[in-house]
Amino acid sequence: CKFPCRAMGRPNFNPPFQATSTMTDNVASALCYALGLITGIVFLVLAPYNRNPTIRFHAFQSIFMHVGFIVLAIGLNIVLGLLHMWSLFFLGSLVWLAFFILWLYMMLQAYQGKTVVLPVIGPIAQQQARV
């Protein structure tokens, strides 16, 4: 009884809108990979997520993975340009495709609640994720 109850002086029993609780770990972990550096940093800054070791691990690993790809792509283009190996520039596309497949795989695994520790950057991410 919305309108008549107020008119009679009775309180409105419709509860106000309340924000839902935080995301589940698997959704937040998968979203860490969604936009790479951006979402990785966002989940390291947001309050309830930055204290969760699982989400912190995926955020750090996402950041390191994307930084590694950027460095690799730039380095590959510089080396191929300096060596005048223009016929090998298709390697950049292959590297991008491999990274895209890895990115999708990491998001899917994180969403399924599995933790994939990548070589080299995975152990570093594990160390950084310890709260």
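Please read these numbers as outputs of a predicted model, since none were measured by experiment.

What counts, and at which threshold
Residues numbered from 1 in each chain as written. Predicted model: local features only at pLDDT ≥ 70, side-chain atom pairs only at ≥ 80, totals over all residues. Heavy atoms only, no water. Helix = DSSP H or I, 4+ residues; strand = E, 2+ residues; numbered from the N terminus. Buried < 20%, exposed > 50% of the residue type's maximum accessible area, 1.4 Å probe, protein only. Areas by Shrake-Rupley, 256 points an atom, 1.4 Å probe, with all protein chains shown as cover. Contact = heavy atoms within 4.5 Å. Expected span 1.5 Å × (residues − 1). Axes fitted to C-alpha atoms, helices over the stretch in contact; angles between N-to-C directions. Parallel < 35°, antiparallel > 145°, perpendicular 65-115°, else oblique. Nonpolar A, V, L, I, M, F, W, Y, C, P; charged D, E, K, R; others polar.

Draft legend 1. Quick peek at the overall build of the protein chain. Per the secondary structure count, the protein chain includes six helices and zero strands. Along its sequence from the N terminus, the protein chain presents helices and strands in the succession α-α-α-α-α-α. Across the 131 residues in the protein chain, those meeting the buried criterion constitute 31%. Of the roughly 8,800 Å² of accessible surface on the protein chain, 71% is carried by carbon and sulfur atoms.

Draft legend 2. Representation of helix α2 (residues 25-34) within the structure. Ala28, Ser29, Ala30, Cys32 and Tyr33 are the residues of α2 that are buried. Those residues of α2 that are buried are in contact with α3 (37-45), α4 (53-82) and α5 (90-111). Positive backbone phi, approximately 65 degrees, marks glycine 36, located one or two places after α2.

Draft legend 3. Summary view of α5. Here α5 is 22 residues long and its end C-alpha atoms lie 32 Å apart, about the 32 Å a rise of 1.5 Å per residue gives. Lining the buried residues of α5 we find α2 and α4. The positive-phi residue at the C-terminal boundary of α5 is glycine 113, with phi of around 85 degrees.

Draft legend 4. Seen up close, the packing of α4 against α5. Where α4 contacts α5, the axes come no closer than 10 Å and their chain directions differ by 175 degrees. Considering their axes alone, α4 and α5 lie roughly antiparallel with respect to each other. The residues of α5 that touch α4, namely those facing His58, Gln61, Met65, His66, Phe69, Leu72 and Leu76, are Leu91, Gly92, Val95, Trp96, Phe99, Leu102, Trp103, Met106 and Ala110. For the contact of α4 with α5, a count of residues per class yields twelve nonpolar, four polar and no charged.

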